[in-house]
Structure formats: structure tokens, C-alpha cells
Amino acid sequence: MKRTILFDTETTGLDPLKGDRVIEIAALELIGDLPTGRSFRVLIDPERDVPEEASRVHGFTRADLEGKPKFAEVAPEFLEFIGKDPLIAHNARFDFGFLNAELARARLPELDMGRMVDTLDMARERFPGMPNSLDALCRRFSIDLSERTTHNALLDCRLLAAVYLELTGGRQRGLSLSVDEGGGGIATYTYVRPTGHVCVRVRPDTAELEAHQAFVSRLSEPLWLG
């Protein structure tokens, strides 16, 4: 079945071209658009300060990141986890821009933009003119936001996985409960008729017949008596 990777980043600011850096990467593996339980998450030393306004968003300070690995040290494991599969993110151009800036700095191949799946674009197409932030979409789809006090990349990935499922068809994908051969974690139901099946006839008693007749008499021109 189709494998995709849903990911998110936290950063020191908004513009990698002005020196802002990635401080957290999280990713979830999806098979058939459903989480498998496999995930990747790492905190990164940005090798610079973390502005106070950024800390208010994601909750990390410079002290929290001291001693963490540099991006170049974690990049091989991240690239192995994501493989060559499509990459899903909310406002994906932001995350791709930061990761490609970090990869270029580490002299590693950049991510192909053709792999990008942007749930913000999907939401804007489905809900034009409406708020389409991750919080807004969670509220629209009745997804629990109680744990989201600050931006946390792994929690945001889990929330976005639920949003992505809704954007691509909802909690029940189509009308069938069966899945492709190989499973994928969704049950397939098969009905087997019991042997020796006996037809049971229900015969109403006199009181039930009288009650039914009284009910029918109150109907105005019932079709089956016309």
C-alpha cells in the first residue's frame, strides 16, 4: 500500500535566508493514509540564539537546545526515515524551505519539491475564504486540541494526521470496509451463514392484532389499503 510521510518543523524564526534555523523535526509514517505508529523526532542545536517571540510559539529556549545534535548529525537518520516517499505538511513550502536550507548548509541533496503534499492548499480548496490553520481545521473536524498549549512538532504531526484523513475522505474511506490484500490495520468482515438455518415465524396474538388494527384506523388513506 501507499507509504507517505507526514512531518513538521519548529524553527528560530520565519526566514531561513536571514539565518533562522530548524530546532525540531518530527515525522510520522502513514500507510494507506493511516498512521502505523512509526515516528521520528529530534531536537537540534541551531547554533544561534532563539528569539523570545519564537520561544513563545514553540516553548523552547536556547538552554533547552544546548548539547543537542547539530542538523548535519541527524540528517542521515531523517533522510533514511522519509525515504523517497511523498512528504505531507501544513504550509509545506515553509517546512521544505527550512529543510532545504539546512540540507544545503550540510552539503546534502535538497528535497524534491515534487514530493510535497500541502494540506493548507487542500484545505483552502475545500474551504475557500475560511480560516484554515491547523487549529481551525481541528475545531472544524472536532479533533481534540486539549494537549496543544504550544507548537510541538510531534503533537502537530498527530493532529495533522487526523486532519489529513478528514481532508482525503473522512474516518470511513469510501463505502467498503475491505482493504487491499495485505491488510493495513483495518478489519475486513466476512459473513458466514450458519448451517442448519431454521426460519422462525412470528405470529401476533389477538391483543397485538387489535392494537395494530386500532393504529391503522387512525391513518388517513393508507396506501396499502387503496
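Since the structure is predicted, the reported quantities are computational estimates derived from the model, not experimental observations.

**Quick word on the overall build of the protein**
When helices and strands are tallied, the protein shows 8 helices and 5 strands. Along the protein, helices (α) and strands (β) appear in the sequence β-β-β-α-α-α-β-α-β-α-α-α-α when read from the amino end. The buried share of the protein, reckoned over its 226 residues, is 38%. Of the roughly 14,100 Å² of accessible surface on the protein, 53% is carried by carbon and sulfur atoms.

**Let's talk about the packing of helix H3 (residues 71–82) against helix H4 (residues 92–105)**
When two helices pack together, their arrangement is given by the angle between their axes and by how far apart the axes lie. Relative orientation of the contacting elements H3 and H4 amounts to 115°, with a least axis distance of 10 Å. The hand of the H3/H4 crossing is left-handed. Contact residues: H3 offers Phe71, Phe78 and Leu79, while H4 offers Leu99, Glu102 and Leu103. Considered class by class, the residues forming the contact of H3 with H4 number 5 nonpolar, no polar and 1 charged.

**Side note on the packing of aromatic side chains**
What the rule picks out here adds up to 5 aromatic pairs. Relative to Phe98, the ring of Phe94 has its centre 4.9 Å away and its plane inclined at 50°; by these criteria the two rings are tilted. Of this pair, Phe94 and Phe98 both sit in helix H4, 4 residues apart, which is roughly one turn of the helix. Sitting over the ring of Phe81, Arg3 keeps its end group 5.9 Å from the ring centre. A cation sits over an aromatic face here: Arg140 above Phe127, 4.6 Å from the ring centre.

**Some details on the sheet that holds strand S1 (residues 3–11)**
Strand order in the open sheet formed by 5 strands is S3-S2-S1-S4-S5, and the pairing between neighbours is mixed. Across the chains shown, the open sheet's two edge strands, defined by having one partner strand only, are strand S3 (34–43) and strand S5 (116–118). Going across the sheet, the axis of each strand differs from the next one's by a mean of 25°, ignoring polarity. Inspection of the sheet shows S1 paired to strand S4 (residues 87–89) by 2 bridges, in the parallel sense. Residue pairing across strands places Ile5 opposite Leu87, the latter belonging to S4. Lying on the sheet, helix H5 (residues 119–126) is in contact with S4 and S5; it crosses S5 at an angle near 40°.

**Quick word on the pairing of S1**
Counting buried positions along S1 gives 9 out of 9 residues, so the element sits mostly inside the fold. Covered by surrounding structure in S1 are Arg3, Ile5, Phe7, Thr9 and Thr11 together with Thr4, Leu6, Asp8 and Glu10, the residues of both alternating faces. Bridge count for S1 against strand S2 (residues 22–31) is 9 bridges, and the pairing is antiparallel. The partner of Leu6 across the bridge, within S2, is Leu28.

**Some remarks on the confidence of the model for the protein**
For the protein, per-residue confidence averages 86 on the pLDDT scale, and residues scoring 70 or more make up 82% of the total. Note that pLDDT drops below 50 for residues 173–191; the model gives that stretch 15 contacts with residues more than four away or on any other chain.

**Brief notes about helix H8 (residues 206–217)**
Given a rise of 1.5 Å per residue, 12 residues ought to cover 16 Å, and the 17 Å separating the end C-alpha atoms of H8 matches this to within 8%. The residue sitting at the N-terminus of H8 and contributing the capping side-chain oxygen is Asp205; that oxygen lies 3.3 Å from the backbone nitrogen of Ala207.

**Quick word on the side chain of Arg3**
Looking at the secondary structure, you find Arg3 in strand S1. Under the relative-accessibility criterion, Arg3 is labelled buried at 18%. Beyond its immediate stretch of four places on either side in the chain, Arg3 contacts Glu29, Leu30, Ile31, Arg38, Phe81, Ile82, Gly83, Asp85 and Pro86.

**Here we look at the pattern of salt bridges**
A full pass over the atoms with the stated rule returns 15 salt bridges. Among the salt bridges present, the one from Arg3 reaches Glu29, with a minimum N-O distance of 2.7 Å. On the criterion of sequence distance, the pair formed by Arg3 in strand S1 and Glu29 in strand S2 is long-range, its members being 26 residues apart. Accessibility classification places Arg3 together with Glu29 in one group, the buried group. Salt-bridge contacts for Glu102 lead to Arg21; the nearest nitrogen and oxygen are separated by 2.9 Å. Residue Glu102 is found in helix H4, and its partner Arg21 is found in the loop between S1 and S2; the two are separated by 81 residues along the sequence. We classify Glu102 as buried; its relative accessible area is 2%.

Quick notes on the rules
- Residues numbered from 1 in each chain as written.
- Predicted model: local features only at pLDDT ≥ 70, side-chain atom pairs only at ≥ 80, totals over all residues.
- Heavy atoms only, no water.
- Helix = DSSP H or I, 4+ residues; strand = E, 2+ residues; numbered from the N terminus.
- Buried < 20%, exposed > 50% of the residue type's maximum accessible area, 1.4 Å probe, protein only.
- Areas by Shrake-Rupley, 256 points an atom, 1.4 Å probe, with all protein chains shown as cover.
- Axes fitted to C-alpha atoms, helices over the stretch in contact; angles between N-to-C directions.
- Left-handed = near helix turned anticlockwise from the far one by under 90°.
- Contact = heavy atoms within 4.5 Å.
- Nonpolar A, V, L, I, M, F, W, Y, C, P; charged D, E, K, R; others polar.
- Phe/Tyr/Trp six-rings, centres within 6.5 Å; stacked < 30°, edge-to-face > 60°.
- Lys NZ or Arg CZ within 6 Å of the ring centre and 35° of its normal.
- Pairing = 2+ DSSP bridges.
- pLDDT = per-residue confidence, 0-100.
- Expected span 1.5 Å × (residues − 1).
- Polar contact = N/O pair within 3.5 Å; in protein donor to acceptor, adjacent residues only side chain to side chain.
- Salt bridge = Lys/Arg side-chain N within 4 Å of Asp/Glu carboxyl O.

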